[in-house]
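These are the residues of each chain, in order.
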Amino acid sequence: MAEGETEKEYATRKAIERLRERFQELTTTLKESPESPSDASLRFCQEFCQILVEHAGRWKAEEEPLPLLEVYTVAILSYAKAITCLSSECENVPLVLENLGLSCVELLLSLPESVPGALWEEFQSCVKSAHSLLQKHGNTQLHMLSAMAQEPGVWTNTTLSSILSNEMPEIDRVHEFLQMEGPTLLSMRIKHLIKQNRAEKAAVLAKMCSEYPEYEGKGNFKQTYLVCLCMTKTQEQLMQEIMQVDCKDGLEMICNLESDGDEKGALCLCSAFLERQLLQGDVYCAWELTLFWSKLLMRSESSADAFLGQCRKLVLLSRSVCHILFLIKVIQSEVGEVGLPVCIEMCIQALQMASSDNTDSRTTICKTISCLLPTDFEGCFVFKPSAKKRRKTPTVEDYFTRGCEDTENSKLRFRNCQTLWEKMNADTELLQDELNRKILDSLLAFIRKSVSTFQRGTDDWVSRMRAHEIPTAALVLGVNVPDHDMTFQCLSDQLQQSVTPFVVSVQATECAALNHMLQRVLERLMGTSVSVDNEEEPEQCSTNVNQKRVHCSLITLCNWYKTVTKKAASSTARKKRTSVGKDMQQHPPIVVIFKDLEAFNPKVLQDFILICSRYVEQLPLMFVFGIATSPSTIQHMLPHSVSSLLGIELFQSLSCTQHLASVIDKVILTSQFPFKPNGKVLQVLVSIFLYHDFSVRNFIKGLQLALLEHFHSQPLSVLCCKKEAALVHATELSHRDVERLQQLPSFMRYVEEQGPQEQVELLTSVDHVKEVCQKLLKDLCKYHKNYYTTLRCLHILTASLPKYPLGKQIRELHISCLEKNVWENDEYACAMQLLRMMAKDELTSALQKCAEILKSGKTKKMRAALLQLDNLLSKFDQPGDLVENAAGEDLTSPGEGLQKKTDLFQLQKTLLEMKKSRRTKKMSQFEILRDQALEFIDSLVRSHLAPPESQPLYEVCYYSSSAVLRRHLNATPRTSIQTALSNPYHYLKNEDLRAEDGTVSNAAPDICIVYKLHLECGRLINLYDWLEAYATVVSAAEGKDPDSVDFGKVDELKHARFIQAVSELEFLGFIKSTKQKTDHVSRLTWGGC
């Protein structure tokens, strides 16, 4: 190592020397190669690229660009020296040189302004030498690098500096500079400036290039200039610049930007041209611009509301009815029914814009409205809004911020909560689609196969038998009924997209009778009202008098199906299709989905199947049975005479527990999302899933509620976001937030562990607390990464043990680790004892899986653990025999300790030691390695599986209010009813109902008074005494004088009110009639709230 040279510089210099040697060896091999020149050149190019990638991968361009510059300098010079031996017939030779030059240029553009002089001089010398060597062979591919090497720096050219600083030099100097640089290098400079957020300078340089005559048709400088203007200039300046550009040229620029992947720039440019046309009232290319704008905007805006908001802004700029009609067209195309109200508003504005003389425009607008409202359009009434200020409808954010403990950062917390939930929800939906994809694909394949069999009837006996059966898919979804709707909706959408437009879903609640089932199927298929034989109510008949009605029978459906398929076949007769696709489009099947088969009336279902079987040759019917329990349900509901008419095929979906495990693994057991439920909260969610509904959808909703409660109740949840954003928010904490941070129990424990001086700083200095907060947030992120990696390793080792001491599912192990130190549990000791009895192949297999998990760990501790585990696995593969128990330890002979004289006590002690030594067995090499591996796992667990309460600032990310979550999700109806009856003020919030504990106001509802009186009675309640007590309380509420004769008297009204209240109590299950005494009722409940 040279004097004054650091270890890092020394390692870099050695790596560059090694790279130069490898290139020289490669060139020597090329010269001595016995292969043909073309093959040898190809091999040289491949190995050259491999060496370059291997050495360049040691440094990152963003962190250490200077060593990479040395690598490219050596590579360019070595390649230039080998050019004499390379064949010109090999296509890779100029390609490698071109890519090498472009990569070096990109690196140079990103270099800092201050490059060491020696390094830059070495680069200039090497590029000059390489360029001269290549020019001798007629190669000028290093022209860009040669032009840059002529200057003392990448951005130091005087003409370039003048242009970027907006000081216009002489036009000759500018043209000379542009000619020397070339269009490729200039384009790269402009893109780099845009990437560095220096759009104004990029616009100046792009304008110069676009005005240079030699570059006309070379490069897209004009469109780049306009995109930069969209990013920097105001609306008026932008309109002045694009005023002279033809719309067709603008469309070409937009297409170029979109094909290059710059959708943001394409949208900016398209918006500018479209606004120009709107302001001018010009319809030239307006439809193309509107169409492009809608497609680009929908790609960037994920919500329909944002898209409709942008459309409203454009309508305000529009001065032509045609422009409004164009916007209505794209709204209908992109968002469909969601944009219908906005389209109606646009039509009203177009009617106001159209002059009374222009009858054609007004007629067109009215036809548009009638098309938008085809069924319920009976008139259009336009009301002028009042000048009074309308009451603002509260948004979700308003509800969130209302009642927050800290209103200062409540909006920021709401945005963080919304962003985090949108990401979690998107990941869970994607996961659910992936889990359901297999069974849905199988269903679609079954339906397509059935359609092709139906259309291509063959003459063999099996096909003829199958032709008389209705293809039926028995879809077993499990008892998680709340999740079924989502699965059926996804199935229906895929069927309508790829198989048939005729898909109808029915439920048992709407099919109580056969005629109702037929009516629902026909109405949803034909899109019209269907009359049944039953008499209808007069009101219903009067409302539907103008609608066309058809008779409810399958004959009607057959006629309708023939008419629809005949029209579809005639309209698509000229299109070329495959045979299967032709059958699918000419005779698409009719798919009927029975969502909840168990709930259907068996008699109704049997009759429906029997009727449909008579029309199987005319209608390609198919059934999908949604089964929640078992496939044997079909045998119990349908006799053999009916089930034999169905060609049933069974499809089994993924179990709900496996589905839940995937969701927990994706959303909770990951460091990607900062929000975490603690052990009790997660236990509540899992318990509700296992003991109530088995619904993954409800589990996700419960997790969403926990997320919302955490951000609403915890002011410091503003730090519960991605690490980069959390560090920024930590520096922006207010004085009140810093006080809350200091009051956190975990932070107080952290302060107690520090030295006296540090404690004073943490309790008095706000800036120091913010710095420590940033450090602790980083440590918390590292803790999560190490925790989940270690958790998966421990689960891999213990999931297959007998009786599953740490749980079969990883969520069980995770909950145990959240509650306390898992290594202190008896189950953990039992698991370790069982692991010490594992065979070699089982243990090595589990350790190899752990190594795969550790490879995904991105922290230094996980990488160090991976190296240690790889070392242990390599020792397992080495052969070996028995090893000594202790090195250098002499074995004593049995009688050696008995040679000298000794007393009885000493003799007994010596004999016990000899007995113990004889029992000690020599351990095999595998046993020693197994103990070492388990000690390694145990140390890993003790280091990284500590509960989150041990980490400072864990309250920022962990939600722990399990009682609140249980109260919202796990409802207790009896407790709620008793609370409402004994204390009505709790729900009604009426001050007149406020009363002392244990009493009820005489102004309370009748049922509350009757309930309170019945609590004072025994098992049997005398109705007359009960009525007298009730009348006394109600008379006091009416303000009557207690000494009057009418006080407490029972009149007809009080008698009726009492009877109604008693009936309501009986309905709620508090009392019942009894036969023991005719004027008594029996009390059923004991103990109030």
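The rules behind the values
- Residues numbered from 1 in each chain as written.
- Predicted model: local features only at pLDDT ≥ 70, side-chain atom pairs only at ≥ 80, totals over all residues.
- Heavy atoms only, no water.
- pLDDT = per-residue confidence, 0-100.
- Contact = heavy atoms within 4.5 Å.
- Helix = DSSP H or I, 4+ residues; strand = E, 2+ residues; numbered from the N terminus.
- Patch = residues over 30% accessible without salt bridge, like charges linked within 9 Å, V, L, I, M, F, W, Y side chains within 5 Å.
- Areas by Shrake-Rupley, 256 points an atom, 1.4 Å probe, with all protein chains shown as cover.
- Salt bridge = Lys/Arg side-chain N within 4 Å of Asp/Glu carboxyl O.
- Lys, Arg positive; Asp, Glu negative; His and termini not counted.
- Charge placed at Lys NZ, Arg CZ, Asp CG, Glu CD.
- Buried < 20%, exposed > 50% of the residue type's maximum accessible area, 1.4 Å probe, protein only.
- Axes fitted to C-alpha atoms, helices over the stretch in contact; angles between N-to-C directions.
- Parallel < 35°, antiparallel > 145°, perpendicular 65-115°, else oblique.
- Nonpolar A, V, L, I, M, F, W, Y, C, P; charged D, E, K, R; others polar.
- Pairing = 2+ DSSP bridges.
- Polar contact = N/O pair within 3.5 Å; in protein donor to acceptor, adjacent residues only side chain to side chain.
- Expected span 1.5 Å × (residues − 1).
- Left-handed = near helix turned anticlockwise from the far one by under 90°.
- Core = buried A, V, L, I, M, F, W, Y, C linked by side-chain atoms within 4.5 Å.

Trainee: Break down the confidence of the model for the chain for me, citing the residues and quoting the values.
Mentor: Summing up the model confidence of the chain, the mean pLDDT is 80 and the portion of residues at 70 or higher is 85%. For residues 377-389, every residue scores under 50 in pLDDT, and the model assigns this stretch 6 contacts once sequence neighbours within four places are set aside. Long-range and interchain partners of residues 574-584, a stretch whose pLDDT sits below 50, account for 13 contacts in this model, where long-range means more than four residues apart.

Trainee: Run through the environment of Gly309, naming residues and quoting values.
Mentor: Residue position: Gly309 is located in helix H16 (residues 304-317). In the structure, Gly309 is positioned 33 residues away from Val342 in sequence and 9.3 Å away in space, judged by C-alpha atoms.

Trainee: Account for a positive patch on the surface, with residues named and values stated.
Mentor: On the surface, a cluster of positive charge is contributed by Lys723, Lys778, Lys782, Lys785, Lys858, Lys860, Lys861 and Arg863. Sorting the residues of the positive patch by element identifies helix H38 (766-798) and helix H42 (860-876) as the ones contributing at least two each. On the secondary structure map, Lys861 appears in helix H42. Since its relative accessible area comes to 53%, Lys861 is described here as exposed.

Trainee: For the environment of Leu762, give the residues involved together with the corresponding values.
Mentor: Positionally, Leu762 belongs in helix H37 (residues 756-764). Note on Leu762: relative accessible area 0%, which makes it buried. When the C-alpha positions of Leu762 and Tyr750 are compared, they lie 9.9 Å apart, and in sequence the two are 12 residues distant. Among residues more than four places away in sequence, those in contact with Leu762 are Gln742, Phe747, Tyr750, Val751, Gln754, His768, Val769 and Val772.

Trainee: Describe in detail the packing of H16 against helix H18 (residues 340-353), supporting the description with residues and values.
Mentor: The contact between H16 and H18 brings their axes to 11 Å, and the two run at 5°. Considering the angle they form, H16 stands roughly parallel to H18. Here Leu308, Cys311, Arg312, Val315 and Leu316 of H16 come into contact with H18, specifically with Val342, Glu345, Met346 and Gln349. Among the residues forming the contact of H16 with H18, the class breakdown is 6 nonpolar, 1 polar and 2 charged.

Trainee: For the sheet that holds strand E7 (residues 646-652), give the residues involved together with the corresponding values.
Mentor: Read from one edge to the other, the open sheet built from 5 strands follows the order E2-E5-E6-E1-E7, with strand pairing classed as parallel. Strand pairing shows two members of the sheet lacking a second neighbour, strand E2 (503-506) and E7, which therefore form its edges. Each neighbouring strand pair of the sheet contributes to a mean axis angle of 20°, computed without reference to strand direction. Bridge count for strand E5 (residues 590-594) against strand E6 (residues 621-627) is 5 bridges, and the pairing is parallel. Within E6, the position partnered with Ile593 by the bridge is Val624.

Trainee: With reference to specific residues and values, describe the pairing of strand E12 (residues 1080-1083).
Mentor: Direction of pairing for strand E10 (residues 1020-1022) relative to E12: antiparallel, over a ladder of 3 bridges. Looking across to E12, one finds that Ile1021 is bridged to Val1081. As defined by bridge partners, strand E11 (residues 1071-1073) adjoins E12 across 3 bridges and the pair is classed as antiparallel. If you follow Lys1072 over to E12, its bridge partner there is Ser1082. Linking E11 back to E12 in an antiparallel pair, the connection comprises 6 residues.

Trainee: Explain the side chain of Thr472 to me, and be specific about the residues and the numbers.
Mentor: Tracing the backbone shows Thr472 in strand E1 (residues 470-476). A distance of 3.0 Å separates a polar atom in the side chain of Thr472 from the backbone oxygen of Ile470. Contacts of Thr472, omitting those with residues within four sequence positions, involve Phe446, Phe623, Phe625, Leu646, Gly647, Ile648 and Glu649.

Trainee: Break down the pattern of salt bridges for me, citing the residues and quoting the values.
Mentor: Enumeration according to the criterion identifies 18 salt bridges in this entry. Here Lys423 ties to Asp427 by a salt bridge, and the two come within 3.6 Å at their closest N and O atoms. Of this pair, Lys423 and Asp427 both sit in helix H21 (residues 410-455), separated by 4 residues, roughly a single helical turn. Close ionic contact of Lys775 with Asp779 constitutes a salt bridge, the shortest N to O distance being 3.2 Å. With Lys775 and Asp779 both in helix H38, this residue pair falls 4 residues apart, about one helical turn. Counted as one network, the salt bridges with shared partners bring together Arg18, Glu21 and Glu25.

Trainee: Pulling in residues and values, what's your account of helix H3 (residues 65-81)?
Mentor: If you check H3, its first and last C-alpha atoms are 25 Å apart, about what 17 residues at 1.5 Å a residue would give, namely 24 Å. Of all the 17 residues making up H3, 14 are buried; the element is thus mostly covered by neighbouring parts of the structure.

Trainee: So what's going on with the packing of helix H33 (residues 696-713) against helix H45 (residues 962-969)? Residues and values would help.
Mentor: Axis separation between H33 and H45 bottoms out at 11 Å; the angle between their running directions is 130°. What the angle tells us is that H33 and H45 run oblique. For H33 against H45, the interelement crossing comes out right-handed. On H45, the residues that touch Gly702, Leu705, Ala706 and Glu709 of H33 are Val964, Leu965, His968 and Leu969. Of the residues assigned to the contact of H33 with H45, the class counts are 5 nonpolar, 2 polar and 1 charged.

Trainee: Please give an account of a nonpolar patch on the surface that cites residues and values.
Mentor: Taken together, the side chains of Ile977, Phe1067 and Leu1068 present a nonpolar region at the surface, about 310 Å² in accessible area. For Phe1067, the position within the fold is in helix H50 (residues 1052-1068). By relative accessible area, which is 74% here, Phe1067 ends up exposed.

Trainee: Provide a residue-level description of the nonpolar core, including the pertinent values.
Mentor: One finds Phe747, Leu791, Leu847 and Leu953 to be the most contacted residues of the largest nonpolar core, which totals 102 residues. In terms of residue count, H38 provides more of this core than any other element does, 13 residues in total. Not counting the four nearest positions on each side in its chain, Phe747 is found in contact with Leu741, Gln742, Leu762, Val769, Val772, Leu776 and Leu953. Counting 67 residues, the second largest nonpolar core, distinct from the first, contains Ile254, Phe307, Cys347 and Ile369.

Trainee: Describe helix H24 (residues 514-526), listing the residues and the values that go with them.
Mentor: Its 13 residues give H24 an end-to-end C-alpha distance of 18 Å, which sits within 8% of 18 Å, the value for a rise of 1.5 Å per residue. Residues of H24 that are buried include every one of Met517, Leu518, Gln519, Val521, Leu522, Leu525 and Met526, and no others. Note on H24: the residue one or two positions beyond its end, Gly527, has a positive phi of about 70°.

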